[in-house]
Amino acid sequence: MQLIRRILRVIESLIVAAVIGTVALVSSVIDGMIGLVSRLSDRFDAKLAELARESRARHQREGRRQIDPIALD
């Protein structure tokens, strides 16, 4: 009977360790994905700002006026 209890405790410990390991792995994957999305978002924002600057400069060179994005005038 004591042998069965030991075996069950070992199995229980292994299950708990597997669950904790899985949770830690999923957590680190989620953290990595958040970091990747954050970096991609920063790159996208920088590229969008660069395109906006180029557009403003092109409009000024061509003598066109800017469209007001709120009123679309």
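The rules behind the values
Residues numbered from 1 in each chain as written. Predicted model: local features only at pLDDT ≥ 70, side-chain atom pairs only at ≥ 80, totals over all residues. Heavy atoms only, no water. Helix = DSSP H or I, 4+ residues; strand = E, 2+ residues; numbered from the N terminus. Buried < 20%, exposed > 50% of the residue type's maximum accessible area, 1.4 Å probe, protein only. Areas by Shrake-Rupley, 256 points an atom, 1.4 Å probe, with all protein chains shown as cover. Lys, Arg positive; Asp, Glu negative; His and termini not counted. Charge placed at Lys NZ, Arg CZ, Asp CG, Glu CD. Polar contact = N/O pair within 3.5 Å; in protein donor to acceptor, adjacent residues only side chain to side chain. Contact = heavy atoms within 4.5 Å. Expected span 1.5 Å × (residues − 1). Patch = residues over 30% accessible without salt bridge, like charges linked within 9 Å, V, L, I, M, F, W, Y side chains within 5 Å. Salt bridge = Lys/Arg side-chain N within 4 Å of Asp/Glu carboxyl O.

Draft legend 1. Quick look at the overall build of the protein chain. If you tally the helices and strands in the protein chain, you get one helix and zero strands. Once the C-alpha set of the protein chain is aligned to its principal axes, its extents read approximately 90 × 20 × 5 Å. Burial status across the protein chain gives 1% buried among its 73 residues. Surface exposure of the protein chain reaches about 6,800 Å², of which carbon and sulfur atoms provide 65%. Put simply, the protein chain has 12 plus and 9 minus side-chain charges, and the middle of one group is 8 Å from the middle of the other.

Draft legend 2. Just the side chain of His59, in detail. Locating His59 in the fold gives a position in helix α1 (residues 2-62). The class for His59 is buried, based on a relative accessible area of 16%. A polar side-chain atom of His59 sits 2.7 Å from the main-chain carbonyl oxygen of Ser55. In this structure His59 touches Arg64, Arg65 and Gln66, once residues within four positions along its chain are discounted.

Draft legend 3. Structural context of α1. Over its 61 residues, α1 runs 89 Å from end to end, which matches the ideal 90 Å to within 8%, given 1.5 Å per residue. Of the residues flanking the end of α1, it is Gly63, one or two places downstream, whose phi is positive at about 75°.

Draft legend 4. Spotlight on a nonpolar patch on the surface. Together, Met1, Leu3, Ile4, Ile7, Leu8, Ile11, Ile15, Val19 and Val23 line one region of the surface with nonpolar side chains, adding up to about 920 Å² of accessible area. Among the secondary structure elements, Ile7 is positioned in helix α1.

Draft legend 5. Up close: the environment of Glu54. With respect to the helices and strands, the residue Glu54 is situated in helix α1. On the accessibility criterion, Glu54 (39% relative accessible area) is partly exposed. Considered as a pair, Glu54 and Leu25 are 29 residues apart in the sequence and their alpha carbons are 44 Å apart.

Draft legend 6. Just the environment of Phe44, in detail. Note that Phe44 resides in helix α1. A residue is classified by how much of its surface remains accessible, and Phe44, at 54% relative accessible area, is exposed.

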